[in-house]
Amino acid sequence: MSDVTVKQLADTVGTPVDRLLKQMQEAGLAHSRDDELVSDDEKQKLLSFLKASHGDRAATQPSKITLKRRTTGTLKTGQGRTGKTVNVEVRRKRTYVKRAEAEAEAKPEPVAAEAASKQPKSALAIEAQRIRDEEMARKSAEEETRRQDAERKAEEERRREEAARQEEEARNEAERKAQEAAQEKRKPEVPADPQEAARAAAEAQARQQAQERGGKRVKSREHDRKRTGDRRQELSLKTERRARRRHHQTPIQVEQQGGEFRPTDFIAREVEIPGVITVGDLAQRMSVKAGEVIKTLMGMGVMATINQTVDQDTATLVVEEMGHKVKLIHEDALEQSLEQSLVLEGEEVTRPPVVTVMGHVDHGKTSLLDYIRKTRVTSGEAGGITQHIGAYRVDTPHGRITFIDTPGHAAFTAMRARGARSTDIVILVVAADDGVMPQTEEAIQHARAAGVPIVVAINKIDLEAADPDRVTNELAAKDVVPESWGGDTQFIKVSAHTGEGIEELLEAILLQAEILELKAVEQGPARGVVIESRLDRGRGPVATVLVQNGTLNQGDVVIAGEFHGRVRAMLDDVGEQVKVAGPSDPVELLGLTGTPEAGDDFSVVTDERTARELAEFRRGKSQEQRVAQQQAAKMENMFANLGEGEKRVLKMVLKADVRGSLEAIAHALSEMGNDEVSVNVLGSGIGAITSSDANLALTYGAAVFGFNVRADSAAKKIIEREGLDLRYYSVIYELLDDVKQVLSGMLTPEIREEIVGIAEVRDVFRSPRFGQVAGCMVTEGTVFRNKPIRVLRDNVVIFEGELESLRRFKDDVNEVRAGTECGIGVRNYNDVRVGDLIEVYDAKEVARELQ
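Cut-offs and rules
- Residues numbered from 1 in each chain as written.
- Predicted model: local features only at pLDDT ≥ 70, side-chain atom pairs only at ≥ 80, totals over all residues.
- Heavy atoms only, no water.
- Buried < 20%, exposed > 50% of the residue type's maximum accessible area, 1.4 Å probe, protein only.
- Helix = DSSP H or I, 4+ residues; strand = E, 2+ residues; numbered from the N terminus.
- Pairing = 2+ DSSP bridges.
- Expected span 1.5 Å × (residues − 1).
- Salt bridge = Lys/Arg side-chain N within 4 Å of Asp/Glu carboxyl O.
- Patch = residues over 30% accessible without salt bridge, like charges linked within 9 Å, V, L, I, M, F, W, Y side chains within 5 Å.
- Areas by Shrake-Rupley, 256 points an atom, 1.4 Å probe, with all protein chains shown as cover.
- Lys, Arg positive; Asp, Glu negative; His and termini not counted.
- Charge placed at Lys NZ, Arg CZ, Asp CG, Glu CD.
- Axes fitted to C-alpha atoms, helices over the stretch in contact; angles between N-to-C directions.
- Parallel < 35°, antiparallel > 145°, perpendicular 65-115°, else oblique.
- Contact = heavy atoms within 4.5 Å.
- Nonpolar A, V, L, I, M, F, W, Y, C, P; charged D, E, K, R; others polar.
- Arc of directions from axis to C-beta.
- Core = buried A, V, L, I, M, F, W, Y, C linked by side-chain atoms within 4.5 Å.

Caption draft 1: Representation of the pairing of strand E22 (residues 557-560) within the structure. Residues Val557 and Ile559 point to one face of E22 and Val558 and Ala560 to the other, with burial holding for every one of them. Inspection of the sheet shows E22 paired to strand E23 (residues 563-571) by 4 bridges, in the antiparallel sense. Residue pairing for E23: Val558 is matched across the bridge by Gly565. Connecting the antiparallel pair E22 and E23 is a turn made up of 2 residues, with Gly561 showing a positive phi of about 65 degrees. Of the strand pairs in this sheet, E22 and strand E27 (residues 601-605) are connected by 4 bridges, and their pairing is antiparallel. Looking at the pairing, Val557 lines up with Val605 of E27.

Caption draft 2: View of helix H18 (residues 502-516). The end-to-end C-alpha separation of H18 is 21 Å, in line with the 21 Å expected for 15 residues at 1.5 Å each. Residues of H18 that are buried include every one of Ile502, Leu505, Leu506, Ala508, Ile509, Leu510, Gln512 and Ala513, and no others. Of the residues flanking the end of H18, it is Glu517, one or two places downstream, whose phi is positive at about 55 degrees.

Caption draft 3: Looking closely at the pattern of salt bridges. Summed over the entire model, instances satisfying the criterion amount to 39 salt bridges. Between Arg165 and Glu162 there is a salt bridge, with its nearest N and O atoms 2.3 Å apart. Here Arg165 and its partner Glu162 are both found in helix H7 (residues 123-186), 3 residues apart, which amounts to about one turn of the helix. Sharing partners across several salt bridges, the network here consists of Glu753, Arg790, Glu800 and Glu839.

Caption draft 4: Highlighting a positive patch on the surface. On the surface, Arg69, Arg92, Arg94 and Lys153 cluster together into a positively charged patch. Assignment of secondary structure puts Arg69 in strand E3 (residues 64-77).

Caption draft 5: Seen up close, the packing of helix H16 (residues 438-450) against helix H21 (residues 691-700). Here H16 crosses H21 at 10 degrees, and the two axes come no closer than 12 Å. Taken as axis vectors, H16 and H21 run roughly parallel relative to one another. When H16 is examined against H21, the residues Glu442, Gln445, His446, Ala449 and Ala450 are found in contact with a partner set consisting of Ser692, Asp693, Leu696 and Tyr700. For the contact of H16 with H21, the class distribution of residues is 4 nonpolar, 3 polar and 2 charged.

Caption draft 6: Molecular detail of a negative patch on the surface. Together, Asp462, Glu500, Glu503, Glu504 and Glu507 make up a negatively charged patch on the protein surface. Position of Glu504 relative to the elements: it lies in helix H18. Judged by relative accessible area, Glu504 falls into the partly exposed class, the value being 44%.

Caption draft 7: Representation of helix H10 (residues 279-286). Within the span of H10, buried status applies to Val279, Leu282, Ala283 and Met286. Each buried residue of H10 sits inside an arc of 100 degrees when the element is viewed along its axis, so together they form one side. Buried-residue contacts for H10 involve strand E7 (270-273), strand E8 (276-278), helix H11 (290-299), strand E9 (309-311) and helix H12 (312-321). Remark: Ser287 follows H10 within two positions and exhibits a positive phi of approximately 60 degrees.

Caption draft 8: Quick look at the side chain of Gln512. Mapped onto the fold, Gln512 is located in helix H18. Classification of Gln512 by relative accessible area gives buried; the value is 11%. Once you skip the residues sitting within four places of it in the chain, Gln512 turns out to touch Ile425, Pro453 and Gln490.

Caption draft 9: Local environment of the environment of Asp3. Of note, Asp3 is situated in the segment before strand E1 (4-5). Classification of Asp3 as partly exposed rests on a relative accessible area of 45%. Apart from residues lying up to four places away in sequence, Asp3 is in contact with Val38, Ser39 and Asp40.

Caption draft 10: The arrangement of the nonpolar core in detail. Among the nonpolar cores identified, the biggest contains 25 residues, and Leu368, Phe403, Ile427, Leu505 and Ile509 are the most heavily contacted of them. Secondary structure elements with two or more residues in this core: strand E12 (354-359), helix H14 (365-373), strand E13 (390-396), strand E14 (399-405), strand E15 (425-431), strand E16 (454-459) and H18. Ranked by residue count, the leading element in this core is H18, at 7 residues. Among all residues touching Ile427, those that are not within four sequence positions of it are Val355, Thr356, Val357, Met358, Phe403, Val455, Ala457, Leu505 and Ile509. Formed by 23 residues, the second largest nonpolar core is a distinct cluster that contains Met652, Ala656, Val677 and Phe705.

Caption draft 11: Quick look at the sheet that holds strand E28 (residues 648-656). Judged by pairing direction, the sheet is parallel, and its 4 strands sit side by side in the order E29-E28-E30-E31 without closing on themselves. A single partner strand is all that each edge strand has here, and the edge strands are strand E29 (677-686) and strand E31 (726-729). Looking at each pair of strands side by side, their axes are set apart by 25 degrees on average, direction ignored. Pairing of strand E30 (residues 703-707) with E31, which is carried by 4 bridges, proceeds in the parallel orientation. Across the sheet, Gly706 pairs through a bridge with Tyr728, a residue of E31.

Now the structure itself:
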């Protein structure tokens, strides 16, 4: 090939001159211009450089290829139930080696000749064609090599499997001969006794049959091994060697019973026992069968099935009887752990008072609070009547006060029913022109039942029809006596319209708060009470809560009643978002899973898991609590929960049609009772029985009495749902007689004794079975065997007990009449003497009547 210039070579190979010059310089050539000549040797040098830089497939192709393969299977050894199945892993490895270059270049000569016949475009094109030809030749050589290697490997595998089979047969034959030799050595001599000879012959025949069975099993294994293929023979050798190693190990001693394996050693476990547990659950916690637990219960005299429940005491006895340790757990363990986590230790600081505004409808509760807050809340309410509970925080020159505005009294009663002491002071608002109304009386009853001090605010004194003195007299008739009359209640005259007396009212509230000495701990997890809750369409469940202790932070996990959640946001009483809420601060919470009821407690917990478990536990107990409340509300069971020595009180809510009848019934009820029992009228009024009356009775476990009145629909729903005791009367004396009968049933019954028989001791002798026996003559009445007795000596009681035996001649009898002799054995007493009197008496409980 003649020399060409750099430009001509670039045109031939189809690359720019600048790029070709750069590649030539990188290859070590000294060309720098496009008119310089390029020789054949320089072309080969450039081509070698380009091959090395771009990679030569023929040079980089591996000369050896190794293929690995792994398969997993199972193999069963032995026959029948004695056979064992083992896992087998087979690994294969094959290596392919490249043949000599001469063999690879022998075949592609026609292809190279054909390529040479064609006019190449350039040296680079010829080199590319040569590389492709070599690649085809290499592939053909590899195919041939793989075929030959596969044939060689198959032949080696067959030879190896045949050798393994022969080795296995030789080993089995050697083992059989060794067993025969050992049996020959152990063969006893022929005894002289014919019986011994027969027994020896029978034993030899049994050994021979066992040997034959063993030989059959060996032949059967060989047949199976041939049938399943020679490949498994080598694997079976490894398996049998492992089995022999395991055979020499000491097996675990177990006993089989009922298809299960149990350890022979007893394991003592710590068994957690709740308040009530089923027999099956108890057996599972002790890891024993339920039948064993039932058997233990039968031995204790308790008949129970696997699904029946036993109490904690019985379960404790069973666990201890079976040798396990007892760990008692309470049903409210979660509640107890929550209470322990909420115990705050720190410095107590004075907190603002929580004031609830109560009173009759349209007496100015919200208007009074509106003036204090200096806002117009009333105008936003429907019809000027409060539709829901509102909690407000007011900063006054005298200090901070938290107000709770109530629409009525149901919410306040619900709080008291759930034990939530959310209120420190009650402001009783009474209109000066209207006086004391039914809801005013209910407010007084609620405040007294809750034990909360009252501050009376006589509102609307700016009206012409205002008569504050009449209001004072009416309240004094309800036992709300002002301080000026010698009572303990502050009366403040105010006007929500003009603002008169507002400052004096705030001063009275703060004075009362100072007397109460309200304290709280700020540092720690918050707890409080739910004021109200609702479901907002855009924000979801929203709950208004009042923090009573600790500090509530945004992001805390809280539980309120039967619902839980993480605090996503908190809003104060003016709608501003806050991050922290301290004691006596009312806030709105967002993030709960539901809407808790008014009066439910809320508290901060450590994590969401604890909150979720506690919420599920409370939901599960709600039904049980409702049933318990229904049972406790029954008037017949009210006195069953009271201890001895306490005065038993019949609580009731009384409603009548007219004032005269109400006053007459109330006066008659107040005179009933004695030092043991009495009547407490929690609430009374004129008109139908309302939901407020039902809620009041539900809260304090009272009965509802109606005289010529009936319950409305709302009250009926509450009474039926909660199982309250409701009674209607139309005659006063029937009502009084029923109350008197109930009070009589609450009295402790009187024990009266009646002497039924007297026996005189005539002689005393000993019995090997009963010990000392007194021979007696029945002088009065009848002597009964199953009644208590007294032993009298000189008309003085020296022993009280019961009879061990009562006999007439040699027969056991239950009674002996007057004028008849009998034998009497006194239990646990051996000092009966001649002349003593044995007095048999009968103790009876006589119901007492209330005088």
